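Observations on the model geometry
Take a look at the letters that make up each chain.
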Amino acid sequence: MSEEIKNPAQQPEEQPAEETKAAETGAAPEENTEREHKKHGKEKKKDLAAELEAAKAQAQAAEAALSAAKDQLLRTAAEYENFRKRSAREQDAAFNNGVGFAVSQILSILDTLDMAANAPTTDENYKKGVLMTLDKAAAAFKVLKVEEIPALGLPFDPEVHSAVMQQPAAEGQESGTVVQVFQKGYKLGDKVVRHATVVVAE
């Protein structure tokens, strides 16, 4: 045979990959393994840090959205409360305006009944009927919160009184005192339905 048979024992043994790599880099296999672990550890820390920052950003965004929703809810609640109060005031005003108008229309009837009740008469049943009607009117006014404006013996108040004349003050009377009421005045709450028509002492 021309070619010599090589002895397997004489063939060079294959080196493990780590040893080959170590041989190429000039480092021991253990050092390469430790270096790889450190490298993976650093990459893992970077990944964790990035995930943490992303989680913080998401938490801040969620907190901002929650705060905005809370503010919007509070504003909506405040607007609704203002709307409810405004509607209630408007309804009360509309009701009071209606009551005031109705009362102003029947006051002349009550004036006539009042004059009839104070007129001299021999028919007691007639006078009793007139007085009963006036009592029912007073009860109805009370339910509607319509009040008679006090006047006689009180200082003149231009907010609720209307003076038609003056007369000399009697002994013991102060100037500006209401000494006579020609026509009763009425008010609904703070609103004057009709001023009291009065005579004032000079």
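What counts as what
Residues numbered from 1 in each chain as written. Predicted model: local features only at pLDDT ≥ 70, side-chain atom pairs only at ≥ 80, totals over all residues. Heavy atoms only, no water. Helix = DSSP H or I, 4+ residues; strand = E, 2+ residues; numbered from the N terminus. Buried < 20%, exposed > 50% of the residue type's maximum accessible area, 1.4 Å probe, protein only. Contact = heavy atoms within 4.5 Å. Areas by Shrake-Rupley, 256 points an atom, 1.4 Å probe, with all protein chains shown as cover. Salt bridge = Lys/Arg side-chain N within 4 Å of Asp/Glu carboxyl O. Pairing = 2+ DSSP bridges. Axes fitted to C-alpha atoms, helices over the stretch in contact; angles between N-to-C directions. Phe/Tyr/Trp six-rings, centres within 6.5 Å; stacked < 30°, edge-to-face > 60°. Core = buried A, V, L, I, M, F, W, Y, C linked by side-chain atoms within 4.5 Å.

Looking now at the overall build of the protein chain. Scanning the protein chain from N- to C-terminus turns up three helices and six strands. Traced from its N-terminal end to its C-terminal end, the protein chain shows the element sequence α-α-α-β-β-β-β-β-β. Expressed as a percentage of the 202 residues in the protein chain, the buried residues total 17%. Counting only contacts in the protein chain whose residues sit at least 6 apart along the sequence, the fraction spanning at least 24 positions is 58%. Surface summary for the protein chain: the accessible area is close to 16000 Å², and the carbon and sulfur share equals 55%.

The tally for this structure, following the rule as stated, stands at three salt bridges. Of the charged contacts, one joins Arg84 and Glu81 as a salt bridge, the two residues approaching to 2.7 Å between their closest N and O atoms. In this pair, Arg84 and Glu81 both sit in helix 2 (residues 29–118), three residues apart, roughly one turn of the helix. Residue Glu81 is classed as partly exposed on the basis of its relative accessible area, which comes to 28%.

Strand order in the open sheet made by the three strands is 2-6-3, with mixed pairing throughout. The sheet terminates laterally at strand 2 (161–167) and strand 3 (178–183), the two strands that pair on one side only. In this sheet, neighbouring strand axes are inclined to one another by 30° on average, regardless of whether the strands run parallel or antiparallel. Relative to strand 6 (residues 196–201), strand 3 runs antiparallel, the two sharing four bridges. Bridging from a neighbouring strand, Val178 pairs with Val200 of strand 6.

Positive phi outside glycine occurs at Lys145, with the angle close to 65°. Looking at the secondary structure, you find Lys145 in the loop between helix 3 (124–143) and strand 1 (146–148). The exposure class assigned to Lys145 is exposed, which follows from its relative accessible area of 61%.

This part is about the packing of aromatic side chains. Under the criterion given, the structure shown has one aromatic pair. Taken together, a centroid distance of 5.5 Å and an interplanar angle of 80° make the contact between Phe141 and Tyr186 edge-to-face. Of this pair, Phe141 sits in helix 3 while Tyr186 is found in strand 4 (residues 186–188), placing the two residues 45 residues apart along the sequence. Residue class for Phe141 comes out buried when judged on its relative accessible area of 7%.

Turning our eyes to something else, we now look at the nonpolar core. Among the nonpolar cores identified, the biggest contains 13 residues, and Val103, Leu107, Leu110, Phe141 and Val146 are the most heavily contacted of them. Where this core is concerned, the elements lending two or more residues are helix 2, helix 3 and strand 4. Examining the composition of this core, we find that six residues originate from one element, helix 2, more than from any other. If we skip the residues at most four places from it in the chain, Leu110 touches Leu134, Ala137 and Phe141.

Another aspect to go through is the sheet that holds strand 4. Ordered in space as 1-4-5, the three strands form an open sheet in which the pairing is antiparallel. Strands with a single pairing partner mark the edges of an open sheet, and in this sheet they are strand 1 and strand 5 (191–194). The sheet shows a mean angle of 35° between the axes of neighbouring strands, taken without regard to direction. Bridge count for strand 4 against strand 5 is three bridges, and the pairing is antiparallel.

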